[in-house]
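Chains, contacts and geometry: an overview
Here is what each chain is made of, one letter per residue.
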There are 2 protein chains.
Amino acid sequence: MAKKLVKEITDRNSDFAKWYTDVCRKAELMDYSDAKGFIIYRPYGYALWEGIKGYLDDLFKKTGHQNVYMPLVIPESLFMKEAEHVEGFAPETAIITIGGNEKLAERLIIRPTSETLFCNHYSRIITSYRDLPKKYNQWCSVVRWEKTTRPFLRGSEFLWQEGHTVHRDEEEARKEAFDILEIYEKLGKDFLAIPFIIGTKTEKEKFAGAVNTYTIEALMHDGKALQSGTTHYLGTGFAEAFNISFQDKDGKVKNPYQTSWGLSTRLIGAVIMVHGDDSGLVLPPYLAPTQVIIIPIQQKKPGVLEACVELKEEIEKQGVRVEIDDSDKSPGWKFAESEMKGIPLRIEIGPRDLENNQCVVVKRYNGEKTTHEISIVDESIPPLLQTIHDEMYQRALMNVLDNTKSTEDYEEFKKMIKEKPGYIKMMWCGDRDCELKVKNDTQATSRCMPFDQTPIGKKCPICGEDAKHLVYWAKAY
Amino acid sequence: MAKKLVKEITDRNSDFAKWYTDVCRKAELMDYSDAKGFIIYRPYGYALWEGIKGYLDDLFKKTGHQNVYMPLVIPESLFMKEAEHVEGFAPETAIITIGGNEKLAERLIIRPTSETLFCNHYSRIITSYRDLPKKYNQWCSVVRWEKTTRPFLRGSEFLWQEGHTVHRDEEEARKEAFDILEIYEKLGKDFLAIPFIIGTKTEKEKFAGAVNTYTIEALMHDGKALQSGTTHYLGTGFAEAFNISFQDKDGKVKNPYQTSWGLSTRLIGAVIMVHGDDSGLVLPPYLAPTQVIIIPIQQKKPGVLEACVELKEEIEKQGVRVEIDDSDKSPGWKFAESEMKGIPLRIEIGPRDLENNQCVVVKRYNGEKTTHEISIVDESIPPLLQTIHDEMYQRALMNVLDNTKSTEDYEEFKKMIKEKPGYIKMMWCGDRDCELKVKNDTQATSRCMPFDQTPIGKKCPICGEDAKHLVYWAKAY
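Residues numbered from 1 in each chain as written. Chains lettered and ligands numbered in written order. Predicted model: local features only at pLDDT ≥ 70, side-chain atom pairs only at ≥ 80, totals over all residues. Heavy atoms only, no water.

Details of the overall build of chain A
If you tally the helices and strands in chain A, you get 15 helices and 23 strands. Here the C-alpha radius of gyration of chain A, 25 Å, is about what a compact globule of 477 residues would show, namely 23 Å. Structurally, chain A occupies a C-alpha span of about 80 × 55 × 50 Å along its principal axes. Split into buried and exposed, the 477 residues of chain A put 59% on the buried side. Across chain A, the fraction of contacts at a sequence separation of at least 24, relative to all contacts at a separation of at least 6, is 69%. Working note: accessible area of chain A is about 19,500 Å², and carbon and sulfur atoms make up 47% of it. (Helix = DSSP H or I, 4+ residues; strand = E, 2+ residues; numbered from the N terminus. Rg over C-alpha atoms; globule rule 2.2 N^0.38 Å. Buried < 20%, exposed > 50% of the residue type's maximum accessible area, 1.4 Å probe, protein only. Contact = heavy atoms within 4.5 Å. Areas by Shrake-Rupley, 256 points an atom, 1.4 Å probe, with all protein chains shown as cover.)

Dropping the structure here:
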């Protein structure tokens, strides 16, 4: 039985895309809805988002951000105010044209992002330097019409947080964009066990309306990159377009400096594709809704279930999220199910274990089995979860390092991309045409210009002109 | 200055409606957006919703409910499946007709409520009695097109939770509808300091598609009732319309029994209108984002600010949410501001207080001032907050009792409603026409049939036929 369940998903290395959707479905993370591109977040999938949300919300609040909720809809005239922004988002909007059985006088755009709504509000509530900074965030869903969709990675609707801040001067605003990037990086490092490459987006890849866009990029198991969150320094462009101004200490009326930043349910996709394996999902311990599953062996034998319950209570006292599977399924089936759901630790207790006052502990991420004394195993769980987290992070980091190459030769670059996907570091002249050429030739795109810009060459290998930037290139989701 | 700020809001008794919107604006709970009927939840208003959400979410999870997220949109054909439901909601829908610059083949309804989405999903994932019960909830926004709107009370978009559960038998489903009603009642009693009248809705007032609707009704300061949350026993109607069935233990294929229930940001309106006064908002202590505000008097005098900071730290240790207002505004202005925001307790510390090792503590809800020894005041705060909660609840309860009358004479009923709004208990024959007559004659509607149905008369005073139900009648928001 257990094997059958496991076999229900495609091998990861034979068809990564199919393996991915299999895991999404079989781990009961999501279901498709009747509206194309709109998915249902099932309890287990939504719990992952609640975990990410809880972790970030706490950090946002500790750094002085406040949550708000803006309307779902943007009147078309308001949406049109910032030219670059409109150009970027208009093609993928969904539009309400009918309300209460009547054709609307003005069409309403379902928010694809809420810069326009925040700016409009800010223009009303900001008048003095005393009103600054404003550091608002909201948790909501947004709609961007997509032709090809994949669960969590690309959908017509997704859940996210969007931060929108206003500052008195450029320095403070630029610092905000970096501070949030640090929070995003910390989420990866301390919570999701995902190492991010961070850096600046090129002009071509930046957010519509931003001066600079910064990104966290994750590398999936198949060597493709996934943009996992971005922060934008907006300068005064939106403030000018939306008439946000304040009287400064010197009495002069000025436009403030803004940022925006967002991170979405895409990250659930990143967790699946960075850590998952042929048995299903593999969850990093701090994200996992259930961190430890206790599975009784021959549970009808006297003392077995009692020992499980007792152990569960002891482990709970350590602040660990632990469950017992005492259903009437076979142990093998339970193992397979808990593996599919990616529960970080499994504890097995059977009659023979009880005789020896021991239990078997199995790490999900690498299958490592150890035997522990039952009476003291509870105390070893929290450090063991930390160890698993660290090991998973290390494994993911090794995958990044093993799949990061560099070259000064564009022909070699093309070969590398073709042979095995991954990051390739290569210099770039800064010209949009060279960037487009890379994309046309190889499907790879510039993922970011890392903050450490130590050059690895003097010329742009694409055109031969002087190189200006070091770039991470990769195929991406 | 302080007086000026206070005077900015209308007197509560001179124009309750205007007082209400003044408080919404001046306490910075909300702002209007450019889309009519869609409001902006500002940080202080959203924090109230986060408080309610946190309290309920915890209780929902403790009682075995799981959060999910369903799509924002419902394909029109899916929306049309349950006849009564469609009839109830179709007139107030907002409809997306354009996506990605193209006219959609099928129009998409923005969810006004998500029964149809949940049922469709349930029909796919439920096959056996082993799959039951399913107890799902979601936190989201819904859209119902409204012509006349008021902040929090009635808007084209509002935030809410909607629970949708599926059960093996009727008894379990009926119990669920009552269990949730109890949770809602507890929210009022223990968190919002609002006493609810609970009972069953009449056929005319029940939810479109329900067998029974149960309600919590709150009485506002002006004597009007506010429906504050409802739970619905749905029977098997939706299951039949959406083809949800399961194989029971006896091998037979059956339709399961369902419930749904919801509570929204309307409750913020209830808090304002039950507790607020001429100085603004009055928050019950457990809901208040800031429970205690410390205001230094002559804060530049040596020792004053230090004493405030020290006290703040001690109070925080008691698990209380406390802030200091050390801005350069005058104490009077600070008093007025903290009153407008409804902060339950104010502590004043000035040089003379310091000399006497004391501070002044002022209860927001009734202005009561007491003097406390500084070194031990921190420990008295938590019990004081509980006392305030209890007193606010009692005051609100007295308002309900003082404004609940009963009659067996319809002419008297009409006079009573005209003279002073409030609840009127009166028997009813159960006939829809009598209910409509009351509404036409007086604008009052049946709020609920309380669970205690001890009759107060034998005849329906409206038509003279035999009475069947005791009903609470009132004008309502």
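Continuing now.
A few points about the sheet that holds strand 9 (residues 197-200) of chain A
All names here are of chain A. Spatially, 11 strands are ordered 3-7-8-14-11-10-9-22-23-21-20 in an open sheet, and the strand pairing comes out mixed. Edge positions in the open sheet fall to strand 3 (66-67) and strand 20 (404-406), since each of these has one partner strand only. Across five bridges, the pairing between strand 21 (residues 423-428) and strand 23 (residues 469-474) is antiparallel. Bridge assignment links K425 to a residue of strand 23, and that residue is Y472. Against the sheet, helix 9 (residues 266-275) contacts strand 10 (212-219), strand 11 (225-235) and strand 14 (257-264), and its axis sits at roughly 145° relative to strand 11. The strands that helix 15 (residues 432-442) touches are strand 21, strand 22 (445-450) and strand 23; relative to strand 21, the one it contacts most, it runs at about 150°. (Pairing = 2+ DSSP bridges. Axes fitted to C-alpha atoms, helices over the stretch in contact; angles between N-to-C directions.)

Notes on the relation of the copies chain B and chain A
Least-squares fitting of chain B to chain A yields an RMSD of 0.0 Å, with the transformation described by 0.0 Å of translation along the axis and a rotation of 180°. A rotation of that kind, with that shift, is consistent with a two-fold axis. By C-alpha distance to the rotation axis, the residue of chain B lying nearest is I96 of chain B, at 2.1 Å. (Least-squares fit on C-alpha atoms with pLDDT ≥ 70 in both.)

Here's the deal with the pattern of salt bridges
Taken as a whole and judged by the stated rule, the model has 68 salt bridges over all chains. A salt bridge links K61 of chain A to E50 of chain B; its shortest N-O distance comes to 3.2 Å. Taken together, the residues K61 of chain A in helix 3 (residues 43-62) and E50 of chain B in helix 3 (residues 43-62) connect one chain to another. The partly exposed category is assigned to K61 of chain A, whose relative accessible area is 39%. Its salt-bridge partner being E339 of chain A, residue R346 of chain A comes within 2.9 Å of it at the nearest N-O pair. R346 of chain A sits in the buried class, given a relative accessible area of 9%. Judged by relative accessible area, which is 22%, E339 of chain A ranks as partly exposed. Look at the salt bridges and you will find they share partners, linking R25, D31 and D34 of chain A together with R124 of chain B into a network. (Salt bridge = Lys/Arg side-chain N within 4 Å of Asp/Glu carboxyl O.)

Points about the packing of aromatic side chains
Within the structure shown, the criterion is met by 38 aromatic pairs over all chains. Here the aromatic rings of Y122 of chain A and Y136 of chain A are separated by 5.4 Å at their centres, their planes lie at 35°, and the arrangement is tilted. Of this pair, Y122 of chain A sits in helix 6 (residues 115-125) while Y136 of chain A sits in strand 7 (residues 134-143); the two residues are 14 residues apart in sequence, bridging distant segments of the chain. We note that Y122 of chain A, like Y136 of chain A, is buried. Residues F178 of chain B and F451 of chain B carry aromatic rings whose centres are separated by 5.6 Å and whose planes lie at 70° to one another, so their mutual orientation is edge-to-face. Residue F178 of chain B is found in helix 7 (residues 170-192), and its partner F451 of chain B is found in the loop between strand 22 (445-450) and strand 23 (469-474); the two are separated by 273 residues along the sequence. Take F178 of chain B: its relative accessible area is 33%, and that puts it in the partly exposed class. Through a chain of ring-to-ring contacts, the aromatic side chains of W49, F60, W139 and W261 of chain A assemble into a single cluster. Taking NZ or CZ as reference, K224 of chain B lies 4.8 Å from the ring centre of Y477 of chain B, over its face. Looking at K341 of chain B, its charged tip hangs above the ring of Y44 of chain B, at a distance of 4.5 Å from the centre. (Phe/Tyr/Trp six-rings, centres within 6.5 Å; stacked < 30°, edge-to-face > 60°. Lys NZ or Arg CZ within 6 Å of the ring centre and 35° of its normal.)

Comments concerning the environment of E465 of chain A
All names here are of chain A. When you line up the elements, E465 lands in the loop between strand 22 and strand 23. Assessed through its relative accessible area of 53%, E465 is described here as exposed. Residues E465 and G430, spaced 35 residues apart in sequence, show a C-alpha to C-alpha distance of 9.7 Å. Among residues more than four places away in sequence, those in contact with E465 are C429, K458, K459 and C460.

Description of the pairing of strand 9 (residues 197-200) of chain B
In summary, the side chains of a regular strand alternate between the two faces of the sheet. Residues and elements named next belong to chain B. Every second residue of strand 9 is oriented toward a common face, with I197 and G199 on one face and I198 and T200 on the other, all of them buried. Two elements, strand 9 and strand 10 (residues 212-219), share four bridges in a ladder whose sense is antiparallel. Residue pairing in the sheet places I198 in a bridge with I216 of strand 10. By the bridge criterion, two bridges tie strand 9 to strand 22 in an arrangement that is antiparallel. Residue pairing for strand 22: T200 is matched across the bridge by M449.

Just geometry here; none of it tells us what the structure is for.
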